[in-house]
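# Structure at a glance
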Amino acid sequence: MAETVAIVTGASAGIGRATALGLARAGMRVVMTGRNAARTEAARRFVAENSGSQQVTTALADFTSLAQIRRLAGELLEAHPRIDVLVNNAGLIAPKHQSSADGYELTMAVNHLASFLLTGLLLDRLKASAEPSSPGRIVTVASEAHRGARIDPAQLAHPQDWSTYKAYGRSKLCNILFTRELAARLGQNSGVVATCLHPGVVATELGDRSGGLIGLGWRLGKMFMISPERGAETSIFLATVPDPERFHGAYVVRKEVAQPSPEARNDDLARRLWEESARLVGS
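Residues numbered from 1 in each chain as written. Predicted model: local features only at pLDDT ≥ 70, side-chain atom pairs only at ≥ 80, totals over all residues. Heavy atoms only, no water.

## A few points about the overall build of the protein chain
A tally of helices and strands in the protein chain yields 9 helices and 8 strands. Taken over C-alpha atoms, the radius of gyration comes to 17 Å for the protein chain, in line with the 19 Å a tight globule of 283 residues would show. Taken along its principal axes, the extent of the C-alpha atoms in the protein chain is 50 × 40 × 35 Å. For the protein chain, with 283 residues in total, the buried portion stands at 55%. Considering only intrachain contacts with a sequence separation of at least 6, the fraction spanning at least 24 residues in the protein chain is 76%. For the protein chain, the accessible area works out to roughly 12,100 Å², and carbon and sulfur atoms hold 50% of it. Averaging the locations of the 32 positively and 27 negatively charged side chains of the protein chain gives two centres separated by 4 Å. (Helix = DSSP H or I, 4+ residues; strand = E, 2+ residues; numbered from the N terminus. Rg over C-alpha atoms; globule rule 2.2 N^0.38 Å. Buried < 20%, exposed > 50% of the residue type's maximum accessible area, 1.4 Å probe, protein only. Contact = heavy atoms within 4.5 Å. Areas by Shrake-Rupley, 256 points an atom, 1.4 Å probe, with all protein chains shown as cover. Lys, Arg positive; Asp, Glu negative; His and termini not counted. Charge placed at Lys NZ, Arg CZ, Asp CG, Glu CD.)

Structural data, given as structure tokens:
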């Protein structure tokens, strides 16, 4: 895969960094995106040193801002004549209700709308880079936290009943519905495969940054969680498996197709979510 270019979002730590490492070891040119320049560069050095690859670079963007997502996409398109893999990994767990730079509920803005916009902006390049023996791949990190979640697309940016767990679960439900609708719109002959996954309950910094009781509970529970390296295994698998078509539109757990919740299989809801997301991001 020496000529394969992979973009990994949220790659400055945790699953994203481990995913970038796995793809670099597979011989891909890896672009690691992050928000903080120092943290992202430290992660790049870690990946380069532990993979032996000299083809690892960084790109910076704050995923709370749609303007920054647009800038990031422009920079990626200018720097990379081909893009073969996009791993939508960036995400957060917000400890309190906050708004993004665009005025949208923060968890939804970062975990869903940013990925929705970035994917749309890079999609034509992914299609153009696809080859019969090597389809493009869009891999989105979802979660079993989607189970029990409900969304009303009309309230996507400003939900009426907010809590940390509801917001996170809704955003992960959106990841699955987005993948389902993206796969339907791509069809079977576009040269690009869209899939999503549950990485497991992973001991990352995601919950640490929540603060308060949520952060404390996360830190105490880390001893029972899997490592970021294990959490990245399914993302790496989907980005490298020779025959990804069987995972097109699927929700994958431990490298196998799994059945998400009934809400996540609602095609009408997926279509309405897509339409509202496109309106919110201005695409």
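## Points about the packing of aromatic side chains
Taken as a whole, this structure holds 4 aromatic pairs when the rule is applied. Here Phe116 and Trp274 contribute two aromatic rings whose centre-to-centre distance is 4.9 Å and whose plane-to-plane angle is 75°, an arrangement assigned as edge-to-face. With Phe116 in helix α4 (residues 106-129) and Trp274 in helix α9 (residues 267-281), the pair connects residues that are 158 residues apart, well separated along the chain. The same class applies to Phe116 as to Trp274, namely buried. (Phe/Tyr/Trp six-rings, centres within 6.5 Å; stacked < 30°, edge-to-face > 60°.)

## Brief notes about the sheet that holds strand β8 (residues 256-258)
Within the open sheet, the 8 strands sit side by side as β3-β2-β1-β4-β5-β6-β7-β8. Their pairing is mixed. The two strands at the open ends of the sheet, each matched to only one other strand, are β3 (56-60) and β8. Direction aside, the axes of adjacent strands within the sheet are offset by 25° on average. When strand β5 (residues 136-141) meets strand β6 (residues 192-198), the two strands line up parallel, connected through 6 bridges. By the bridge assignment, Ile138 is partnered in β6 with Ala194. Together, β1 (5-8), β2 (29-34) and β3 form the strand contacts of helix α3 (residues 66-79), whose direction differs from that of β3 by roughly 150°. (Pairing = 2+ DSSP bridges. Axes fitted to C-alpha atoms, helices over the stretch in contact; angles between N-to-C directions.)

## A word on unusual backbone geometry
In this structure, Arg254 takes a positive phi of about 50° despite not being glycine. Mapped onto the elements, Arg254 comes out in the loop between β7 (251-253) and β8. Of note in the backbone geometry, Lys255 takes a positive phi value of approximately 70° without being a glycine. Here Lys255 shows up in the loop between β7 and β8. Residue Lys255 is classed as partly exposed on the basis of its relative accessible area of 33%.

## Observations regarding α9
An ideal rise of 1.5 Å per residue puts 21 Å on 15 residues; α9 measures up with 21 Å between its terminal C-alpha atoms. When we look at burial in α9, the residues that qualify are Leu269, Ala270, Leu273, Trp274, Glu276, Ser277, Ala278, Leu280 and Val281. Buried positions along α9 lie against α3, α4 and α5 (164-186). In this structure Asn266 caps α9, since a side-chain oxygen of it lies 3.1 Å from the backbone nitrogen of Asp268. (Expected span 1.5 Å × (residues − 1). Polar contact = N/O pair within 3.5 Å; in protein donor to acceptor, adjacent residues only side chain to side chain.)

## Details of the side chain of Asn89
Assignment of secondary structure puts Asn89 in the loop between β4 (85-88) and α4. The class for Asn89 is buried, based on a relative accessible area of 13%. The residues touching Asn89, leaving out its near neighbours within four places in the chain, are Thr9, Gly10, Ile15, Gly16 and Val141.

## Considerations on the packing of α4 against α5
Packing of α4 against α5 brings their axes to within 8 Å, and their N-to-C directions diverge by 20°. Considering their axes alone, α4 and α5 lie roughly parallel with respect to each other. The two elements α4 and α5 meet at a crossing, and its hand is right-handed. When α4 is examined against α5, the residues Thr107, Met108, Asn111, His112, Phe116, Thr119, Leu123 and Lys127 are found in contact with a partner set consisting of Ala167, Tyr168, Arg170, Ser171, Lys172, Cys174, Asn175, Phe178, Leu182 and Leu186. The class makeup of the residues in the contact of α4 with α5 is 9 nonpolar, 6 polar and 3 charged. (Parallel < 35°, antiparallel > 145°, perpendicular 65-115°, else oblique. Left-handed = near helix turned anticlockwise from the far one by under 90°. Nonpolar A, V, L, I, M, F, W, Y, C, P; charged D, E, K, R; others polar.)

Honestly, it's all geometry; don't read function into it.
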